[in-house]
Amino acid sequence: MEALSERAGFIRDSLRKSQTITDNMVSILGSFDHRLSALETAMRPTQIRTNSIRRAHENIDKTLKAAEVILAQFDLTRKAEAKILKGPHEDLESYLEAIDQLRANVKFFSSNKGFKSSDGVLNHANNLLAKAISKLEDEFRQLLTIYSKPVEPDRLYDCLPNSLRPSSTSNGGQGDAGGKSHSEHQKNLETAVYTPLTLIPPRVLPLLHDLAQQMVQAGHQQQLFRIYRDTRASVLEQSLKKLGVERLSKDDLQKMQWEVLEAKIGNWIHYMRISVKLLFSGEKTICDQILDGFDSLRDQCFAEVTANSVAVLLSFGEAIAKSKRSPEKLFVLLDMYEILRELQSEIEVLFQTKACLEMRESALSLTRRLAQTAQETFGDFEEAVEKDATKTAVQDGTVHPLTSYVINYVKFLFDYQSTLKQLFQEFDESDPDAQLATVTTRIMHALQNNLDGKSKQYKDPALTQLFLMNNIHYIVRTVRRSEAKDLLGDDWVQIHRRIVQQHANHYKRVSWAKILQCLTVQGPGSSGGSATGGDASGSVLSRTTVKDRFKTFNVQFEELHQRQSQWTVPDSELRESLRLAVAEILLPAYRSFMKRFGQVHLYL
C-alpha cells in the first residue's frame, strides 16, 4: 500500500509538471502566432510590389513580341511593296508571292484593329494590292496576246493524217483519196491519227493559270473573262479566215456556178474536220488548263471564244440545206451529213456544258436538216427520172445518156450506203436495208418507165426493141457488178435478164420476119411440094416467083443491112449473142432455099 501510495504520488507530480510544460508551450506558440501575423502584415506590401513587377515584365514581353510581329508585318509589307513596284514582267513568280504576302498582311491588320495605325496600314496595303492586280491584268493580257497568234494553214495540214492533206494540185481542198472509193476512204478515216495542235507553248500555260487565279481571288473575274474572250476569239476567227472560211448567205450560194459551189462544199467539209478536231479541240485544251479550278468561268470563256466561229461554219451548212434542191446536190448533201455524223461524238464532248448548249443543238439541228433535204432530194430525183422529157433520141439505139446517168447515180448511192442507212434511221426506225432497196427499186422502175416512153420515138419497131434491149441490158449488167445486186436480189436480176431476152426476140422477129417470108417454099394458095428445078415432081414456085423471091430478098437484105449497120449494140457479148441468134434463123432458111432453087436461079 505504501508502495502504491508512493507511485500515485509520483504520477501526480509528473502530471503536474507535464501540465505546467504544456501551459508554457501554449504560451510560447501563442506568441509565435502573434509574431507571424505581424510579419505577414509587414510582408504584404512587398508581395504586392513583386506581383506587379512580374505582371509588368509579362506585359512588356507580350508587348515586345506583338511589336516584333507588327514590325515583321511592316517589313514584309515593305518588301512586297518593292516587288510590286518593280512589276511582274521580270520575275512573275516573286510578284505573285508578293501579292499573296500583301493579302496575308491585309488579313493580319484586319484582325488587329486595336493597333491605332491599323486603318492607315490597311488602306495602304489595299491600294497597293489594287495596283498589283491592275498590273497583273496587264501582264495576263500581254502574255496571252504575245502567245496567241493565228494558226497558219500549213501548220493545220501538218496535224492531219496523210490521206486528208491537200495535194500539190488542190487549193486547200481535201487530199487525194488515191483513187479509192468513197466507202474505202471513209473506212481509212476511222483509224486516221491526228496530231494535237499546240496553240500556246506548254511552258506558258502554268504562268497564265497563276495569273488567272490571282485575278479571280481579287474579284476581277469579269475582267479576266473579257480579256480571255476578246483575245482568243479574235485569234480563232483569224485562223479560220486564213484557212479559207468565209460567211456566205443563201443568196450568195444561189448565184454561184455549180462547179464553184461544189468546190466550196468540199472545202467546208475539210474546214469542219479541221475546226473540230484541231482548232476547237486545241482551244478546249488551253482553256481547261488556264482556267483550271474555275468551272463556271472556264465553260463560259470556251463558249464565248468559239461561238462566232461555230456560227460561221454552221451558217454555210444551213444555207446549203435551204438552197434549191437538185439531183447533183444529193451527194454533197450526203458528204455534209456524213462529216457532221463523223464529228458528232466530238462535238458532244467539246460542247457538253450548259454554256455551249446552243452550239451543240445547232450542230444537231443542221445534221437533221441535211438528212431531211437529202431525203427530199431522193424524191425529187425519182420524179425527175420518170418525167425526164429529153426529146433527143439516140439514133443508133444505144444506151441513152439518161440511163447511164441514172445508173451511175445509183452506183454512187451504194458507195454511200452506210451513210444512207444512218440517214433513213433519222426518220424511220425500220430496216434500213429494206428502205434502201425500196428507194433503189423505185428509181429503177422510174427509169424503165421513161425508157418505154422514149422508145416510142422510133419509127422503126426493130430499133425500138434494140433500144430497150440495150438499155435494160446495161442496167442489169451494172447491177450485177455492183453492191446493188445484194440489195435488189437475184430475182430482180433474173426477171430483167428475161426482159432483155424478150426485147432481143422481138427485135429478131420484127427485123427479119419479112425477109424470111422471101425464103419460104410455099407460095400463096399452094398445097406444098417441091420447087421447080427441072425435076419430074413439078414445083410449087414458078420460075418467075423464084426470080422475084431472090430479087426481093437481095433488095430487102441490102436495105436492112444499110439501115441496121448504123445501129449499135455497145456490149460485145450481147452483140455477138444477137448476131449468132440472127444467123441461126436466117442462114438455115437461106441455105435451104438456095439448095432447092439455086439452080433455077442460075438459069434465069
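Residues numbered from 1 in each chain as written. Predicted model: local features only at pLDDT ≥ 70, side-chain atom pairs only at ≥ 80, totals over all residues. Heavy atoms only, no water.

Quick look at the environment of Ile200
As for its position among the elements, Ile200 is in the loop between helix 5 (182-190) and helix 6 (205-217). Between the alpha carbons of Ile200 and Thr285 there is a distance of 9.9 Å; along the sequence they are 85 residues apart. (Helix = DSSP H or I, 4+ residues; strand = E, 2+ residues; numbered from the N terminus.)

A closer look at the pattern of salt bridges
Using the criterion set out here, one finds 24 salt bridges in the structure. Between Lys284 and Asp288 there is a salt bridge, with the nearest N and O atoms lying 3.1 Å from each other. Residue Lys284 and its partner Asp288 are both found in helix 9 (residues 258-290); the two are separated by four residues, about one turn of the helix. For Asp288, a relative accessible area of 26% puts it in the partly exposed group. In this structure, Glu426 engages Arg341 in a salt bridge whose closest nitrogen and oxygen atoms are separated by 3.5 Å. Placement of Glu426 in the loop between helix 14 (417-424) and helix 15 (432-455) and of Arg341 in helix 11 (residues 329-350) is noted, with a sequence separation of 85 residues between them. The exposure class assigned to Arg341 is partly exposed, which follows from its relative accessible area of 29%. (Salt bridge = Lys/Arg side-chain N within 4 Å of Asp/Glu carboxyl O. Buried < 20%, exposed > 50% of the residue type's maximum accessible area, 1.4 Å probe, protein only.)

Considering the packing of aromatic side chains
Scanning the model with the defined rule gives 12 aromatic pairs in all. Taking 5.6 Å as the distance between ring centres and 65° as the angle between the ring planes, the aromatic pair formed by Phe331 and Phe412 counts as edge-to-face. One end of the pair, Phe331, is in helix 11; the other, Phe412, is in helix 13 (residues 401-415), and 81 residues separate them in sequence. On the basis of relative accessible area, Phe412 is assigned to the partly exposed category, the value being 48%. On the basis of an interplanar angle of 55° and a centroid distance of 5.3 Å, the ring pair of Tyr458 and Phe467 is categorised as tilted. On the basis of relative accessible area, Tyr458 is assigned to the buried category, the value being 11%. Aromatic rings pair up to connect Phe331, Phe381, Tyr405, Tyr409, Phe412 and Tyr416 into one cluster. (Phe/Tyr/Trp six-rings, centres within 6.5 Å; stacked < 30°, edge-to-face > 60°.)

Side note on helix 9
A rise of 1.5 Å per residue sets the reference length of helix 9, with its 33 residues, at 48 Å; its end C-alpha atoms lie 45 Å apart and thus fit the reference within 8%. Ser275 marks where helix 9 bends most, by close to 45°. (Expected span 1.5 Å × (residues − 1). Bend = angle between axes of the 7 residues up to and from the residue.)

Some thoughts on the nonpolar core
Grouped together as the largest cluster of nonpolar side chains are 140 residues, with contacts concentrated most on Phe140, Trp268 and Ile290. With 14 residues, helix 9 is the single largest residue contributor to this core. Setting aside anything within four residues of it in sequence, one finds Trp268 in contact with Leu313, Phe316, Gly317, Met336, Ile339, Leu340 and Leu366. (Core = buried A, V, L, I, M, F, W, Y, C linked by side-chain atoms within 4.5 Å. Contact = heavy atoms within 4.5 Å.)

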